[in-house]
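Chain and residue survey
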There are 4 protein chains.
Amino acid sequence: MNFEQVNIPEKLVPDNYLQLGLAAQRSKQRSFKELLEKLPKNGWSDERIEELVHMLASLDSNNYPHKVGLGEREARIACKLVARRHYNFGHGIGRSGDLLEAQPKAAGSTLLARLTNALILDLIRGIGLPSCAGCFLVPMCTGMTLTLCLQSLRKRRPGARYVLWSRIDQKSCFKAITATGLVPVVIPCLIKGESLNTNVDLFREKIKSLGVDSILCLYTTTSCFAPRNSDDIAEVSKLSKQWQIPHLVNNAYGLQAKEIVNQLECANRVGRIDYFVQSSDKNLLVPVGSAIVASFNESVLHDVASTYAGRASGSQSLDVLMTLLSLGRNGFRLLFDQRGENFNYLRENLRKFAEPRGEIVIDSRFNSISLAITLATLAGDQMKSITKLGSMLHMRGVSGARVIVPGQNKTIDGHEFLDFGSHRSNLQVPYLTVAAGIGITREEIDKFFDIFNKCWNQIFQTKNEKIMSLLETTIK
Amino acid sequence: MNFEQVNIPEKLVPDNYLQLGLAAQRSKQRSFKELLEKLPKNGWSDERIEELVHMLASLDSNNYPHKVGLGEREARIACKLVARRHYNFGHGIGRSGDLLEAQPKAAGSTLLARLTNALILDLIRGIGLPSCAGCFLVPMCTGMTLTLCLQSLRKRRPGARYVLWSRIDQKSCFKAITATGLVPVVIPCLIKGESLNTNVDLFREKIKSLGVDSILCLYTTTSCFAPRNSDDIAEVSKLSKQWQIPHLVNNAYGLQAKEIVNQLECANRVGRIDYFVQSSDKNLLVPVGSAIVASFNESVLHDVASTYAGRASGSQSLDVLMTLLSLGRNGFRLLFDQRGENFNYLRENLRKFAEPRGEIVIDSRFNSISLAITLATLAGDQMKSITKLGSMLHMRGVSGARVIVPGQNKTIDGHEFLDFGSHRSNLQVPYLTVAAGIGITREEIDKFFDIFNKCWNQIFQTKNEKIMSLLETTIK
Amino acid sequence: MNFEQVNIPEKLVPDNYLQLGLAAQRSKQRSFKELLEKLPKNGWSDERIEELVHMLASLDSNNYPHKVGLGEREARIACKLVARRHYNFGHGIGRSGDLLEAQPKAAGSTLLARLTNALILDLIRGIGLPSCAGCFLVPMCTGMTLTLCLQSLRKRRPGARYVLWSRIDQKSCFKAITATGLVPVVIPCLIKGESLNTNVDLFREKIKSLGVDSILCLYTTTSCFAPRNSDDIAEVSKLSKQWQIPHLVNNAYGLQAKEIVNQLECANRVGRIDYFVQSSDKNLLVPVGSAIVASFNESVLHDVASTYAGRASGSQSLDVLMTLLSLGRNGFRLLFDQRGENFNYLRENLRKFAEPRGEIVIDSRFNSISLAITLATLAGDQMKSITKLGSMLHMRGVSGARVIVPGQNKTIDGHEFLDFGSHRSNLQVPYLTVAAGIGITREEIDKFFDIFNKCWNQIFQTKNEKIMSLLETTIK
Amino acid sequence: MNFEQVNIPEKLVPDNYLQLGLAAQRSKQRSFKELLEKLPKNGWSDERIEELVHMLASLDSNNYPHKVGLGEREARIACKLVARRHYNFGHGIGRSGDLLEAQPKAAGSTLLARLTNALILDLIRGIGLPSCAGCFLVPMCTGMTLTLCLQSLRKRRPGARYVLWSRIDQKSCFKAITATGLVPVVIPCLIKGESLNTNVDLFREKIKSLGVDSILCLYTTTSCFAPRNSDDIAEVSKLSKQWQIPHLVNNAYGLQAKEIVNQLECANRVGRIDYFVQSSDKNLLVPVGSAIVASFNESVLHDVASTYAGRASGSQSLDVLMTLLSLGRNGFRLLFDQRGENFNYLRENLRKFAEPRGEIVIDSRFNSISLAITLATLAGDQMKSITKLGSMLHMRGVSGARVIVPGQNKTIDGHEFLDFGSHRSNLQVPYLTVAAGIGITREEIDKFFDIFNKCWNQIFQTKNEKIMSLLETTIK
C-alpha cells in the first residue's frame, strides 16, 4: 500500500500532519533505491528490513490475492507459523536445476536471491578483495558446495580423476572429494617447528607424476585449526596457472580475517584460483546452512549454479540479506576489526598462561584465527588428563576449545589418517586449540582463562596427589 | 521455567486460582510425552508448538546463559530478526559429514531433527506404507537428494557407471545423474494411445546388454505430468530384485496420492526398492528446500546420510516439525483425502470442458495427480495460439498449468531430448496439463475453468476472425 | 517503500515477472481506498492487515528516520519486544484532554483511531442501528466509560445530582455512579413470575417527586444476567423525551444480539437516548480494555471525548481495527448469527435438562443472551449443595456459569443490596445462569451439558445417601 | 512443558548432551525465583522474557486446553494477530470494580499485574524513594488517574468541594479537576526573575479563607515546562500535615529526575503526601497509556483501586513488566543517570547559544528537566517570527520544542487563563522550551542545535532584509 496515491480525507487526519509523515516515507524510498546499487553504509532498522522483505514476498505468485494454483508445486504453506517465519516466501530460488535463473512464479524470491548475491559481492570487494568478479549463495553446507564445485569442474575436464589435496583434518572437507567419486591425492604438510605448512614441492611432483590431464584440480584450505597454517595459496596458484589446472580453495571461515583476504587477492594476481568457497554462518553470523561460491572470473560461476539439480531453499538468502542490511557496511567492518583485535588479545593471554607452566603457544604465524597451546606438562606420560581437560571445559560452558592427543587414527571412506585431528601422522605432544571467530567478545576470552585456569589447577593437583600417594605406597 | 517447582506467594496470586492454571499445564506435559512416540492425532495450537520449539532451542549451547565460545563456529547470530525467525536455533544438524549423527553443541537441534524424522516415518507408515523402515529429511532439493543417493550407491558399487533411467522430462531429475559424473542410459517410454508407460522390456534388455556390474541402479519416477504415467515400479522392482541391481525411485510428489503410496508398498513386496525420495514442500506444504529419503531397509539409509559432506541447515526440519504438529495425523489425512476428491472433480470438469470442443482428456490412468487435455482444435495448423493460451492463463493468476507444443528440443549436459516437455520424441498434438496437488481447493478449480473458458473463447474468436478476414481477402 | 517508482534493473529480476507482481500489488491499493469508506465485505489476510498497520505507524514522528526529540514525551520505547507488539506505535491517541482531537506528533495514530471509529460506526449501522450518528472507542472499561458519560452530562447540567437507575446487580455498573459523587436512586425491578422487568412507573414517580432539574439522567441496562430482563428502554426513552432528562444506556454486551439492537433503534424513534455504551471485548472479541460510546446525535459525543483528561492508549483501537479487518462485515455477521442460533440451542437443551428433574428455565423472554434454570430440587433445604455445584463446574473448566443463592447481601459504597446477584431483594429459589455470548460454539454447549449432568448426578447421589443414612440412623 | 520430568529416549538425543542443556535450564529457574522477590540486577534476554510471559498467559482460563465458556465474557479473541500481540492474554486485570483484586478466571493475569506492581515499587524505592509504601499501575492516562485519586478522596471527604491547585498550564492536569465536578481554586505562581515558584503563602491564605473542611485537597505538580519550577512540595506538604488536608502530587514525568525524587522523599518526611501520580510512558519508556499511583501509606492505595469501576486492560502491565525485565535495575539506572548528564549538556549548550545572541536561559533552578531560552531579539516588535520558528523546527524533525508568545488566552471548562502556556497572566517576552527527557541522546542534542542555528539565522536574515527594504523605501 502506498498512502501517497490515495486521497485521505481531512476528517480522518489533518493534511499538514499527514504530509510530515509522508515526507519521512520518502527518505525510505531513497534508501531502497541506493540498496539496488550497494550495501548501505549504516545498518537498517528492523522495521525497514521487514518492510522490504514483506514487499519482496508480495511479488511472489503464492501471495497474489487472486491466484489459482493448478500445478504440482504452488508454495502452499499449511502452517501459519511456518509461513510467518518465512515472511510468506515459499517458492525457493532458481529454476529446474539452475540456481541463478529467475523463477517465473516468484519475482520476489528472484529479486531476493540476486540482491543478496550482489550485496555479498559488494561486501567481499569492500573488505579487501576488489578483484572478486562474482559470487553467489548456495543453500548447502560448505562441504557440499565444494562437492558442487568439483562436480562442475568434472563437466569441464571429464577425463580427469585426481584431486590434489593439502591435508587438513576436517572431515567434511575430505568427504567433499569422496562424495564425487573422484580420487583424492593427499599432500601431507611440511612440519616446521610444530607448525604445519603447505608442501608446494610435493604438489609439483604429483602434477608431474600423475600428469596434468588426469588431475581435476588442486584443492587448498585457508582457514584451519592451529598449528596447521593457512595453505600457501599464492604458490599453489602459481602452479595452477603454470599447468592450467583448476584451483579450488576451501575458505570456510576466511572472510573474517584480513590476512586471508589479502592472501586470496594476492594469489589471484600471481596465479590462478577458480573458486573460493566460504561458509555463510561462520563469516556472516547466520544460522548454519549455506555457503558462498566466489570467483575472480564471473563466467565460471554459472557452471556451478547449473550443476545444482533442482530448485533451492531461499531461506538462507533471506537470512544473509537481513543480516547484511541490519549490519550495514560499517557494522560488518566493526565486527571484522574487533575479531582481529580479539585474536591478538587471545594470543597474548595464551602466551602469558603458557610460559609459567612450561608450555608454549605454537608459532603458527600463518594462522590468524586459531591458536594452539601445548599440554606437555599436564599430560605427563599419559593422555587421560588431557581428554579430561577437554571434557571439563565443555561442561563449564566452553565450546569450541579442542584437545588433540597422539594416537587417534581414523578411516574416512577407505582412507586412513594417522593422528587424525592433528593434520599430521606423527604427533608427539598433545595440545589444545582455541579460536577467535567473528563475534567473539573480550569478556568471553577473560571468562575462558578463568575457567581454563581452574580446570588446569584441578587436574594438576589430582595428578600430583596420585603421584604422592604412589610414592608413599612405594616407600611403604 | 516451571511454576510447579516454585513457591509463588499468596499475595501475588491466590493459591486456588493458581492450582487451576497448573492443572491445565499438566495436560500439555502429557501431550509432549505422547509426541515422543508418535504424531499426535489432532493438531497442536500455535502456542503449544512454539513452546516446544523454544524449549528445544534452549537446549542448544548457543542459548546457554553463561556460554563461552572459543571455536570457529559458535552459532552467533548477528541479526535479531534472523535469530527470531529461527527461534534461536543456529547450530544446524548432523556432525562433520553425517546428517544423522548427534551434534554435541546442540542437544536441542539434534532432538529436533530426530523427532522430525520419527514423525515423518509415522506419517508415511500411516498413509499406506507400513513397511517403510526409516526415513530422514535432507535439507536440499529433491534433485540434489537423488544425487546424494546415487553418490552413496557408487560407494557401494564403485565399478558401476550406468544409470538406467525411464525418461521423464523434468530437468533436475536428469541433472541429478549428470551431476554425479555417472552415465545416464535413457529408456524411452512406450506410447499407448497418447499416454506413456514404462518400457520394462527395454530395461531388461539394457541390463543384459550393458552387464549387471556396470549398472549402478535402475531409476524410476512415480509422480509426473500427464500424459506420462507413473512408472511401473512393481515390474522394475522385480528386475531390481532378480538382478540385484539397486533401484532408486523419484517419488517427488507421490506421498500425496493413495495410488502411488500403494504402488510403492506393493513394489517392495514383489521386488526391491533401495530408496524412494520425495520433496517436503510438494507433499507436506512447507516452503521449497528439502527432501525426504525413505527406505524399506533401515541399514542403507545411513550410507546416504554419511555422504552429506558437512553440517546441514536445521531450518527445514523445523518447518516440517511445526507443520506436522500443526496438522496432526487427522489434519494431514484430511488434506490427503481432499486432494483425491479434488483430482476426481478436476478430471470430471476437464472432460466436460473437452467434449463439446472436440478435445479429449488423455487417458493416463496411472497418473493420479496430473491430467492432460489436447488442444488440437485450438491450435489448428499453428502453435502460436497455444503459447498465447499459456501466457494468458499465467497473466490471469493461473499458475502451474502448462502448454506443451511439438518441436521443443532441448540439450541438457550434452544429451539431446526431442520434444522436450512431452516425455517422448515425436509429439503430434499440443496439450495442456493441470494438476490437483495437495492443498488445492474446489474454489480454485472452479475459478480455473472460468478463466480457461474465457481465454479459450477469446483465442478462438481471434482465430476465426483472422480466418474470416483471410477468406474475405481471398474472395476479393 | 514502493517498487513502482523505482527502476529495478533487469539483471535483478526480469521485467515481465516483476510486472505480474506489481499488478497484484495494485489490487491491494484499491482495497485500501475502499477501506477509507467502509468496512470491507470480506476479511483481510493477516499480511495485508499488518502491512496497513506498519504503514500507519511509519507516519508517527517517533518512527521518522531523522527525528530529534526535545520534549518530555517522545514515544521512545525501551524494550524491543514492547515496540514490536505495538507495531512501533507509541504516541497514543487524542491531545491534551480530548480523545477525538488529532495528535500533531502522530498522524498515523490519529488515522488509526479515526478509521477505527469510522469502521465501528459502519458495523453498528449495518447490524440494525442505521440511525446511529456516531461513536468512538474509549480505552477504558465500560464502567469507567459510563462514569465519563455521567461526568460530561454533569457539565451540561451542573445543578443536577440524582441518577435514576434501574437495579442490576453488576458491581461496576453501580460504581460508575458512585465514582462521580452523584447520588444513585435505585429503581427496583418489577417481578413477574420469576423474571424481572423495568419499573417504568416508579421512574415516572421519581421524576415527579425529585424534580426534573435535580435529575442528571435516567440510567438503564440492556444486557444482563437472567432472569432479569433487558430494561424496557423504549418506555424509559419516552420519559426521557417527555421530561427532557438525558438517558444513558449501559449496553455492555448488547451489540451481539439482534433483539437488543432493534430495541435501541426503536427506542430512539419513540424517545430519547443520549449515549449507549458497550464493551469492545464482549462484543468484538478483543482483549478486555475498552468500550464504545455511541449516540444518535453526533454533536453530544464530543462532550464525552473532551472530558477524558489526557492522551490515551491507542492499543485498544489497534486491536479493534485489526479484528474488524480480519473478520470483515461477513465474518462479524456470521458470528452474530451463530450466536443467535446457539442461544436457541442452549435454551432448548436447558429446558430438556430441567423438565425431568423438576426444574424450570425461567421465562425471561426479554433476555436474549442469558438464561436461568432453577435449582430448587437440588438445593432441598440447604444452599451448600448449590455453591458446591458452582465450584464443581468451575473446577471442570466451565467458566461463566454462576449459581445464585438467597441471602447474599452486599454493601457497595455505602448502599446495601439484599440478595445481591439476583437483582431483587427477596430471592426464594436458587438458580444457575448461563449465557450464549458471541463466539460460543455448539461443542462448548454440548460439553457443558455433559459436565453439568455429571455434577448434578454426583451432588444428587451424595445428598440422597446422606438422607438415607440419616433415615437409617433415625430408624435405629 | 518441562523436559526434566520426561524420559527422552537415547536414540532421540544422547543423554550426556541432553544433560548439559537441562543444566542450563535450571539457571533460568533460579532467576525466576529471584524475580518473585525483586527486580533483577541485569536485564533478561528477549527469549527469557517471552518464556515467562507465555507461561503466565497459560495460567489464564481462556488458554486452558479443555475450557468451556458459558458466560458473557470469556476472553475469546477473534483475530489471531491480536491474540499474538497480547501473548494470548485476554481477561484483563482486577475484578468488578477493584483494580487490585485477583481475577478468578485469570490466575496468570493476576500474577502479571501484581508482579508488575511489585517490580515498580522495587524500582521506585531503589532510585531514591525508600519510604514509598506501595504503588500500582492504572491503565489510564495520568490526568484520568489524577481524577481517580480525586474521586477516591471525595469518598473520604464527601463534604469538601474545593481543590487548591498551583497553576500549571497543562490542560489535562486542570481537566482532571473539572472532570470530577469539584471546584478548582487556582493559586497563581510567584514570579521571581522570569522563573515561577509556588505561592505557598497564598495556599495558606486560601485554606484559612475557604475553611479546612470545604477543601478536598492541595494539588501540586513537580515536573513541568520551564521557566515554571517544580512546586515547592515540601512546604505544601507541611501545610497538608498541619491542616490535615490531603495532598495530591502530579509527578507526571518526575521519576526520571534525581532532584524531584529526593524532593518527594523529603516532603514525606517533613509533611504529608497522599498520592503521587506519574505517567508510565514518560518515565518507563513504554507506549502512552498508563500511570502509576504511589503512596507513602499503603492503606490509602486501595481506595483508589476500588474506585475504578470495572475490569481493566492488562496490556499496560505487560508493557511495563517486559520493559523492566528487559532493562533490569542497572539498565534503568543507566538511563536515569544519562538523562541527568544530558540535561546538563543541554543547559550548557543552550547558554552558549543564548549569550552571543543577546538572549538568556531563564534561571529556573528548581526545574531539572525542562529549560527555557528567551527569544526577545528574534521577536523584535512582532510575534510572527516566533511562531514561524516553532513551525520550522517541527518541519525539520524537531519535536517537543515549544515556542510561547504573549497574548494566548484560553478558556477551559469555563475557566479563563491569560497567557496560557506560560503558567502566568502577564507574559512579556516570548521564549522557547526544550526538555531533556529520559532516553534522549547526546546526538539528538547536537542535531537540535544544528537545526536551531540554521532556523535562527534564516529568520534573522529575513527580518533584517525586511527592515533594510523598509528603510530604503522610507529614505526614498
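Residues numbered from 1 in each chain as written. Chains lettered and ligands numbered in written order. Predicted model: local features only at pLDDT ≥ 70, side-chain atom pairs only at ≥ 80, totals over all residues. Heavy atoms only, no water.

**Some points on the relation of the copies chain C and chain B**
Stated formally: When the copies are superposed, the least-squares fit draws on C-alpha atoms of residues that have pLDDT of at least 70 in both.
In the superposition of chain C on chain B (RMSD 0.1 Å, axial shift 0.1 Å), the rotation amounts to 180°. What we have between these two chains is a two-fold relation. Across chain C, the rotation axis passes nearest the C-alpha of C:Lys80, at a separation of 5.0 Å.

**Regarding the side chain of C:Thr116**
Residues and elements named next belong to chain C. Selection criterion: Helix numbering and strand numbering both begin at the N terminus, where a helix is a DSSP run of H or I of at least 4 residues and a strand a DSSP run of E of at least 2. Throughout this description, a polar contact denotes any pair of N or O atoms lying within 3.5 Å of each other; where both atoms belong to protein, one of them has to be capable of donating a hydrogen while the other can accept it, and for residues adjacent in sequence the pair is counted only when both atoms sit in side chains. A contact between two residues is defined here by any heavy atoms of the two lying within 4.5 Å.
Relative to the elements of secondary structure, Thr 116 occurs in helix α4 (residues 107-126). A distance of 3.5 Å separates a polar side-chain atom of Thr 116 from the backbone oxygen of Ser 317. Leaving out residues up to four positions away in the same chain, Thr 116 has contacts with Ser 317, Val 320 and Leu 321.

**A word on the domain arrangement of chain A**
One widely used convention gives an interface's size as the accessible area the parts lose upon coming together. For clarity, the cut-off: Note that domain bounds follow an automatic or database assignment of domains.
We note that the domain assignment places domain 1 (1-32), domain 2 (107-328) and domain 3 (332-475) within chain A. The C-alpha centroid of domain 3 of chain A is placed 60 Å from the C-alpha centroid of domain 1 of chain A.

**What about the relation of the copies chain B and chain A?**
Once chain B has been moved 0.0 Å along the axis and rotated by 180°, it coincides with chain A to within an RMSD of 0.1 Å. When you check the interface residues of chain B against chain A, 100% turn up at the interface there too, and the contact is symmetric in its surfaces.

**A few points about the packing of helix α4 (residues 107-126) of chain D against helix α12 (residues 315-354) of chain D**
Residues and elements named next belong to chain D. Note the cut-off: The axes used here are C-alpha line fits, helices contributing only the stretch in contact, and every angle between their N-to-C directions lies in the interval 0 to 180 degrees. Should an angle lie under 35 degrees it is considered roughly parallel, over 145 roughly antiparallel, and from 65 to 115 roughly perpendicular; all remaining angles are considered oblique. Here a crossing is called left-handed whenever its near helix is offset anticlockwise from the far helix by less than a right angle, and right-handed whenever the offset is clockwise. In this count, Pro and Cys sit with the nonpolar residues alongside Ala, Val, Leu, Ile, Met, Phe, Trp and Tyr, while Asp, Glu, Lys and Arg are called charged and the others, Gly among them, polar.
The contact between α4 and α12 brings their axes to 10 Å, and the two run at 30°. Our classification of the angle between α4 and α12 gives roughly parallel. The two elements α4 and α12 meet at a crossing, and its hand is left-handed. Between α4 and α12, the residues in contact are Leu 112, Ala 113, Thr 116, Leu 119, Ile 120, Asp 122, Leu 123 and Gly 126 and Ser 317, Leu 318, Val 320, Leu 321, Leu 324, Leu 325, Arg 329, Phe 332 and Arg 333, respectively. Classifying every residue of the contact of α4 with α12 by side-chain character gives 11 nonpolar, 3 polar and 3 charged.

**As for the environment of D:Leu146**
All names here are of chain D. Examined against the element boundaries, Leu 146 turns out to sit in helix α5 (residues 142-156). Along the chain, Leu 146 and Ser 172 lie 26 residues apart, while their C-alpha atoms are 9.6 Å from each other. Those residues in contact with Leu 146 that sit more than four places away from it in its chain are Ala 176, Tyr 219, Leu 248, Val 249, Asn 250 and Val 277.

**Let's talk about the packing of helix α2 (residues 46-57) of chain D against α12(D)**
All names here are of chain D. Contact geometry for α2 and α12: axes closest at 10 Å, N-to-C directions at 145°. Once α2 is placed against α12, the crossing between them reads as right-handed. Taking contact as the criterion, the partners of Ile 49, Leu 52, Val 53 and Leu 56 in α2 are, on α12, Leu 318, Leu 321, Met 322, Leu 325 and Ser 326. Its residues placed into classes, the contact of α2 with α12 shows 8 nonpolar, 1 polar and no charged.

**Points about the interface of chain C and chain B**
Basically, it comes down to this: Accessible area that two parts lose when put together, with a 1.4 Å probe and added across both, is what the buried area reports. We define a salt bridge as a side-chain nitrogen of Lys or Arg found within 4 Å of a carboxyl oxygen belonging to Asp or Glu.
With 5 residues of chain C at the interface, the matching set in chain B holds 5 residues. Summed over the three residues of chain C that lose the most area to chain B, namely C:Leu20, C:Arg84 and C:His394, the buried surface amounts to 76% of that side. If you look at where chain C meets chain B, you find 0 salt bridges. Between the two partners, chain C and chain B, sit 0 residue pairs in polar contact (both at pLDDT 80 or more). Taken together, the elements giving at least two residues each to the side of chain C that touches chain B come down to α3 (80-85) and α14 (384-395) of chain C. Among the residues making up the side of chain C that touches chain B, the classes are represented as 3 nonpolar, 1 polar and 1 charged.

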